[in-house]
Amino acid sequence: EHACLLTEDAEIQCWGEGVSKTYATKLMSEMPEIIGIKELTLTRSNACALNDSGAPFCWGSDSRLDVPAEIAEFRFSQLKSTNAGTCGFGGSDLACWGDFHGVRFDMEVFDGLSSDVVDLAVNGSGVCLLYAEGAKCLRVGDQEWREIAFEKALLISLSSPGWGSSACVLDSYE
C-alpha cells in the first residue's frame, strides 16, 4: 500500500498508505540523513537503505525493525526486505533481523559464505543467495542450506509467504 523510489540524485521519495494513513509522510519525516544512498528496500512499516560505503540504515514506525547495534558496523553490498524482516549480504556474511514466518530474529548472522553473490532474495519463509551457477536457499528454522544448480543466472525472486516452488530465476541470454 506504499512505495518509495530512489532518484538519480540519491534522494528518496515515498507515497501511498501503509500501516497508518500518513505512513509515507511519517516515513519521510523520520528518515535519517543518509549521504550517498545506493539501495532502498521496504518492509510493511519501515524503510531501509544502504549508503555508498555499504552501511545499513532503517527507519519507520516499528522500532523492532531498526538496524541492530551489532549489525550497524557491517558493510553490505546488498540489502533486501520482506514484510517484517531485512537481510543484508556483504563480503562473506549474511545478516538478518526482524520477523520471518513468525520467528523473531533480533539478529542472525551466517558467516563464511562464498563472496561471489549475484543477487539476494528474502521472503517471510527464508532467504536465497544467487551465484553465477546456482543458488543457496535457507528456510527459517532449518540448519542446512538447500543448493540449486543452473547456469548464468542474473536475478532471483521469492514469492511471499510460501516456500515450496516459490523461487524464480532470470537466466542470462546472449
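1. Some remarks on the state of the cysteines
No. 1: The tally for this structure, following the rule as stated, stands at three disulfides.
No. 2: Linked covalently through their sulfurs, Cys 48 and Cys 58 form a disulfide whose S-S length is 2.0 Å. Looking down the S-S bond of the Cys 48 and Cys 58 bridge, the torsion is 110°, so its handedness is right-handed. Of this pair, Cys 48 sits in strand β4 (residues 46-51) while Cys 58 sits in strand β5 (residues 56-60), and the two are 10 residues apart along the sequence. Considered together, Cys 48 and Cys 58 belong to a single accessibility category, that of buried residues.
No. 3: Across the disulfide from Cys 87 sits Cys 96; the S-S distance is 2.1 Å. With the S-S dihedral at roughly 110°, the linkage between Cys 87 and Cys 96 falls on the right-handed side. The residues Cys 87 and Cys 96 share a single accessibility class, namely buried.

2. Structural notes on the sheet that holds β5
Two orientations exist for strands paired in a sheet by backbone hydrogen bonds: parallel and antiparallel.
No. 1: Strand order in the open sheet made by the three strands is β3-β4-β5, with antiparallel pairing throughout. Edge positions in the sheet fall to β3 (37-42) and β5, since each has one partner strand and no second. Strand-to-strand twist of the sheet, defined as the mean angle between neighbouring strand axes without regard to direction, takes the value 20°.

3. Thoughts on the sheet that holds strand β11 (residues 126-131)
No. 1: Strand order across the open sheet formed by four strands is β10-β11-β12-β13, with antiparallel pairing between neighbours. The open sheet has two free edges, formed respectively by β10 (117-123) and β13 (146-149), since each of these has just one partner strand. If you compare each strand with its neighbour and ignore which way they point, the axes differ by 15° on average.
No. 2: Taken together, the four bridges between strand β12 (residues 134-139) and β13 define a ladder with antiparallel strand orientation. Counted as the bridge partner of Ala 135 is Ile 148 from β13.

About the criteria used
- Residues numbered from 1 in each chain as written.
- Predicted model: local features only at pLDDT ≥ 70, side-chain atom pairs only at ≥ 80, totals over all residues.
- Heavy atoms only, no water.
- Disulfide = S-S within 2.5 Å.
- Helix = DSSP H or I, 4+ residues; strand = E, 2+ residues; numbered from the N terminus.
- Buried < 20%, exposed > 50% of the residue type's maximum accessible area, 1.4 Å probe, protein only.
- Pairing = 2+ DSSP bridges.
- Axes fitted to C-alpha atoms, helices over the stretch in contact; angles between N-to-C directions.

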